[in-house]
Amino acid sequence: MKIKSILLVVSVAAFIISCSGGSGAPGFGDNEFAVRTIGSQSAATQITYPATIRGIQDVEVRPKVSGFITKVYVHEGQTVSAGQVMFTIDSETYQAAVRQAQAALNTARAQANTAKLTYENNQSLYEQKIIGEYELSTAKNSYATAQASVSQTQAALASACETLSWCTVKSPAAGVVGSLPYKVGTLVSASNALTTVSNISSMEVFFSMSEGEILQMTRNSGSSAAAINAMPAVKLQLADGTVYSHPGKVVKISGVIDATTGAYSVIAHFANPEKLLKSGGAGQIIVPNVRSSAIVIPQEATSEVQDKVFVYLVGKDNKVKYTEIKVSPQNDGKSYIVTGGLSVGDRIVTKGITKLSDGMEIKPITEEQYLKKIEEAEKLGQAQDNAGDFAKAMGK
């Protein structure tokens, strides 16, 4: 009885092996290949560019006078308003200059009053014909000179007061305070940037596009301004790989090509309500590109040789031809957008291309038929494995 059972199992296993071709491969002819007829469709790709983030307004804060810092009123990262006091600089020297200018003004005013009295007295004497016209003109000129001296000393006092006011360093704009490299007691001058105030309510993101890309955009739109308006909303990928939640808009393209890179500088604006973006940060600008009538093929239907992409084109006689095609450099890792070498209506082999050779005649089947054959082959393979396990069990 045991011998009969074993013979039965062996017979079943042999039958399964014969149905599957002995290797678990699909049970159809070697010349059957999945073939697709090329059509057109909408395709969306995206292009990324390295980008630098800047505040919409980054203003360096510099003192207008030299002196020692006596107090720092702000801290790094603090939000300040325009005109808010940030630093004070030792003002003793500048206060003395104000007092000196005030004293000079008082002296000039006293001299002007004396010259006025002299001129008025000479007018009376001239009317009485006691003095001549020369004496009167001399007194008049002295009075005018004294008045000019008053104006001059007034201007000197105003200048001294303004210089004194520069000892109080205020924020030139509203924004966020940057680093504070200089502390109390440091001697500073106009050559030292005390800090930077960045307006980060919205951000400018700088990236570069090649001359060829800008020329193509300009030709398609008619002008640079029209090209900017036609550009879709862009995205910003942050340094941690996440995509910023607010979309951006390209607003400017430089009018001069960078001689070192051969590229245009492009600026996009991004809203920054959560203050997540910081001036000086880096990221990647993502520019979407939608094509309405594109030829899209799976990458598995292609082979690459020395940076060239090839497909097997199926002729009317069902013979394949190893054909080079052009594809867009931007892809999703699964498909290619074909830019040359294929036309709508062409047929290509999409699966099993490693078994093909140029000029080989095939039997075209649809991709659905090919997948169905694969599934049937997998089921036969599973049945074969089960039969083998059963035979081992029976052998025990």
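Everything below is about the structure printed above this text.
Here's a quick rundown of the structure. In this text the structure is predicted, and so the values were computed from the model without any measurement.

## Looking at the environment of Arg62
Moving on, step 1. Take Arg62: it is sitting in the loop between strand 2 (41-61) and strand 3 (67-72).
Moving on, step 2. Between the C-alpha atoms of Arg62 and Ser191, which are 129 residues apart in sequence, the distance is 7.3 Å.
Moving on, step 3. With near-sequence residues (within four places) excluded, Arg62 lies in contact with Ala190, Ser191, Asn192 and Ala193.
Moving on, step 4. In terms of polar contacts, Arg62 uses its side chain to reach the side chain of Glu60, at 2.8 Å.
Moving on, step 5. A polar contact is formed between the side chain of Arg62 and the backbone oxygen of Ala190, at a distance of 3.4 Å.

## Notes on the pattern of salt bridges
Moving on, step 1. Going through the model one piece at a time under the given rule, you end up with 6 salt bridges.
Moving on, step 2. A salt bridge links Arg62 to Glu60; the shortest N-O distance between them is 2.8 Å.
Moving on, step 3. For Arg62, a relative accessible area of 36% puts it in the partly exposed group.
Moving on, step 4. With its nearest N and O atoms 3.3 Å apart, the salt bridge here joins Lys326 to Glu324.
Moving on, step 5. A relative accessible area of 47% means that Lys326 is categorised as partly exposed.

## Here's the deal with the packing of aromatic side chains
Moving on, step 1. Within the structure shown, the criterion is met by 5 aromatic pairs.
Moving on, step 2. Judged by centre distance (6.2 Å) and plane angle (65 degrees), the rings of Tyr244 and Phe270 are edge-to-face. A residue pair is termed long-range when its members are at least 10 positions apart, and Tyr244 in the loop between strand 10 (235-237) and strand 11 (248-253) and Phe270 in strand 12 (residues 263-271) qualify at 26 residues.
Moving on, step 3. On the basis of relative accessible area, Tyr244 is assigned to the buried category, the value being 5%.
Moving on, step 4. Each ring, one from Tyr312 and one from Tyr322, has its centre 5.1 Å from the other, and the planes form 45 degrees; the classification is tilted. Here Tyr312, found in strand 15 (residues 308-314), pairs with Tyr322, found in strand 16 (residues 320-327); they are 10 residues apart in sequence, far enough to count as distant.
Moving on, step 5. Tyr322 sits in the partly exposed class, given a relative accessible area of 31%.
Moving on, step 6. One aromatic cluster is present, built from ring pairs that chain together Phe310, Tyr312 and Tyr322.

## What to know about the environment of Val177
Moving on, step 1. Here Val177 is to be found in strand 7 (residues 175-177).
Moving on, step 2. Residue Val177 is classed as buried on the basis of its relative accessible area of 4%.
Moving on, step 3. In this structure the C-alpha to C-alpha distance between Val177 and Asn199, which are 22 residues apart in sequence, comes to 9.3 Å.
Moving on, step 4. Not counting residues within four places of it along the chain, the set of residues in contact with Val177 comprises Val74, His75, Glu76, Gly77, Gln78, Val80, Met86, Thr195 and Thr196.

## Description of the sheet that holds strand 5 (residues 85-89)
Moving on, step 1. Reading across the sheet, the 4 strands line up as 6-5-3-8 and stay open at both edges, with antiparallel pairing between neighbours. Looking at the sheet topology across the chains shown, the edges are occupied by strand 6 (168-170) and strand 8 (187-188).
Moving on, step 2. Examined bridge by bridge, strand 3 and strand 8 share 2 bridges and lie antiparallel to one another. In the sheet register, Gly67 faces strand 8, and the bridge partner there is Val188.

## Considering the packing of helix 2 (residues 92-127) against helix 3 (residues 133-165)
Moving on, step 1. Viewed as axis vectors pointing N to C, helix 2 and helix 3 meet at an angle of 165 degrees, and their least axial separation amounts to 8 Å. The orientation of helix 2 with respect to helix 3, classified from their angle, is roughly antiparallel. Judged by the twist between their axes, the crossing of helix 2 over helix 3 is left-handed.
Moving on, step 2. When grouped by side-chain class, the residues that make up the contact of helix 2 with helix 3 number 21 nonpolar, 12 polar and 5 charged.

## A closer look at the pairing of strand 5
Moving on, step 1. Of all 5 residues in strand 5, 4 are buried; the element is thus mostly enclosed.
Moving on, step 2. Looking at chain direction, strand 3 and strand 5 are connected through 3 bridges and run antiparallel. Each bridged residue has a counterpart across the sheet, and for Val72 the counterpart in strand 5 is Phe87.
Moving on, step 3. Where strand 5 and strand 6 come together, 3 bridges link them in antiparallel fashion. Note that in strand 6 the partner of Thr88 across the bridge is Thr168.

## Examining the nonpolar core
Moving on, step 1. Counting residues in hydrophobic clusters, the biggest one holds 28 residues, and the most contacted among them are Phe207, Met209, Leu236, Val250, Phe270, Leu277 and Ile285.
Moving on, step 2. Residue assignment for this core shows that the elements contributing at least two residues are strand 2, strand 9 (195-210), helix 4 (211-221), helix 5 (224-230), strand 11, strand 12 and strand 13 (282-298).
Moving on, step 3. Ignoring any residue separated from it by four or fewer positions in sequence, one finds Phe270 in contact with Ser202, Met203, Val205, Val234, Lys235, Leu236, Tyr244, His246, Pro247, Gly248, Leu277 and Ile285.
Moving on, step 4. By size, the runner-up hydrophobic cluster in this structure holds 16 residues, among which are Val65, Met86, Val169 and Val197.

Analysis parameters
Residues numbered from 1 in each chain as written. Predicted model: local features only at pLDDT ≥ 70, side-chain atom pairs only at ≥ 80, totals over all residues. Heavy atoms only, no water. Helix = DSSP H or I, 4+ residues; strand = E, 2+ residues; numbered from the N terminus. Contact = heavy atoms within 4.5 Å. Polar contact = N/O pair within 3.5 Å; in protein donor to acceptor, adjacent residues only side chain to side chain. Salt bridge = Lys/Arg side-chain N within 4 Å of Asp/Glu carboxyl O. Buried < 20%, exposed > 50% of the residue type's maximum accessible area, 1.4 Å probe, protein only. Phe/Tyr/Trp six-rings, centres within 6.5 Å; stacked < 30°, edge-to-face > 60°. Pairing = 2+ DSSP bridges. Axes fitted to C-alpha atoms, helices over the stretch in contact; angles between N-to-C directions. Parallel < 35°, antiparallel > 145°, perpendicular 65-115°, else oblique. Left-handed = near helix turned anticlockwise from the far one by under 90°. Nonpolar A, V, L, I, M, F, W, Y, C, P; charged D, E, K, R; others polar. Core = buried A, V, L, I, M, F, W, Y, C linked by side-chain atoms within 4.5 Å.

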